[in-house]
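Topology and contacts: notes
Chain by chain, the residues run as shown.
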Amino acid sequence: MIERPNVELTTRPLHFIWIADCSGSMHGERINSLNFAIKEALPAMRDTAKDNPNAQVLCRAISFESNAKWHIATPTPVDDFNWIDLSTGGVTSMGAALKLAAKELTIDKMSERALPPVLVLLSDGEPTDDFQQGLDELMALPWGKKAVRLSIAIGNDANLDVLQQFIGHNELQPLVAHNAAELVKFIKWASTQVLKAASSPESQKVGQAPSNTNVPLAMPPVNNNVAVTDVF
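Residues numbered from 1 in each chain as written. Predicted model: local features only at pLDDT ≥ 70, side-chain atom pairs only at ≥ 80, totals over all residues. Heavy atoms only, no water.

A few words now on the overall build of the chain. For the chain, the count of helices and strands is seven helices and six strands. N-terminal to C-terminal, the α/β element order of the chain is α-β-α-β-β-α-β-α-α-β-α-β-α. For the chain, with 232 residues in total, the buried portion stands at 52%. Relative to all contacts within the chain whose residues are 6 or more apart in sequence, the contacts with residues 24 or more apart total 78%. (Helix = DSSP H or I, 4+ residues; strand = E, 2+ residues; numbered from the N terminus. Buried < 20%, exposed > 50% of the residue type's maximum accessible area, 1.4 Å probe, protein only. Contact = heavy atoms within 4.5 Å.)

Let us look at the environment of D79. With respect to the helices, strands and loops of the structure, D79 is situated in the loop between β3 (68-77) and α3 (94-103). Given the relative accessible area of 47%, D79 is considered partly exposed.

Relative to the assigned elements, G168 resides in the loop between α6 (160-167) and β6 (175-177). Distance from G168 to R149, taken between C-alpha atoms, is 7.8 Å for residues 19 residues apart in sequence.

Counted at 1.5 Å a residue, the expected span for helix α7 (residues 180-199) with its 20 residues is 28 Å, and the 28 Å between its end C-alpha atoms agrees. In terms of burial, α7 is largely enclosed, as 14 of its 20 residues are buried. (Expected span 1.5 Å × (residues − 1).)

Attention now moves to the pattern of salt bridges. Tallied over the entire structure, the rule returns five salt bridges. D124 is the partner of R30 in a salt bridge, and the nearest nitrogen-oxygen pair spans 2.8 Å. A residue pair is termed long-range when its members are at least 10 positions apart, and R30 in helix α2 (residues 29-50) and D124 in the loop between β4 (118-123) and α4 (131-139) qualify at 94 residues. Like R30, the residue D124 is buried in the burial classification. Across the pair D157 and R30 runs a salt bridge whose closest N-O atoms are separated by 3.6 Å. With a gap of 127 residues between them, D157 in the loop between β5 (148-154) and α6 and R30 in helix α2 connect regions that are remote in the sequence. On the basis of relative accessibility, which here comes to 11%, the residue R30 falls in the buried class. (Salt bridge = Lys/Arg side-chain N within 4 Å of Asp/Glu carboxyl O.)

Moving on, we come to the packing of aromatic side chains. Within this structure, the stated rule accounts for two aromatic pairs. Ring geometry for F81 against W83: centres 6.5 Å apart, planes inclined by 50 degrees, an arrangement best described as tilted. The burial state of F81 is the same as that of W83; both residues are buried. (Phe/Tyr/Trp six-rings, centres within 6.5 Å; stacked < 30°, edge-to-face > 60°.)

This next bit is on the side chain of S23. Along the polypeptide, S23 turns up in the loop between β1 (12-21) and α2. You can call S23 buried: its relative accessible area is 1%. Leaving out residues up to four positions away in the same chain, S23 has contacts with F64, E65, T88, G89, G90, V91, T92 and D124.

The six strands are arranged β3-β2-β1-β4-β5-β6 in an open sheet whose pairing can be described as mixed. Two strands lie at the open edges of the sheet, namely β3 and β6, each paired on one side alone. For this sheet, the mean angle separating the axes of adjacent strands, direction not counted, is 20 degrees. Pairing between β1 and β4: five bridges, direction parallel. The residue bridging I17 from the neighbouring strand is L119, located in β4. The sheet strands contacting α7 are β1, β2 (55-64), β4, β5 and β6, and the helix crosses β5 at an angle near 175 degrees. (Pairing = 2+ DSSP bridges. Axes fitted to C-alpha atoms, helices over the stretch in contact; angles between N-to-C directions.)

Written as structure tokens, this is what we have:
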């Protein structure tokens, strides 16, 4: 068997981090739908990663309620990544969650050869702590600025202004999932099309310093005709 030379050198890490709200208002159908949607998206996510051999996709997750913590702390290759169901309770410490993410996006913890990380923020409500301070800490880092930052609102109660600030680009809008089907669709999109864009060779040239821009993305089609009875 002939081994390919320098395979390790051609593979570049891509950190994919879910930042998930599990406050009390997420109880019931919302948290159940979030857990189901991420599990449902994983096979397609693995297939997308296989189609982009230049990237080593490493997944993990932060959860936040009255406190923020690593729900899945170890950066895990997507082929080995399994979702652990979230439970709910407490308030919405979104700022603390962003601070926690920022601690992992420092230059010493991210390979210089890394591809832009993907951060997906999911929430159904209003931050109850200092969101702006958390966002400032994230955006003070080169890899925080370079990250592909997306947000998905779960239901109509989420603070869209806050979710838009997290994205940081007017051409990208928070996705609003009105029901479980839409949540699955949006999470699959974030897990596949966004991953594909971030892991493409064009997303960042070797040796290029992180810039202040996200990877260009086209938003998925949004269904504006949701039945009143078919909402969270």
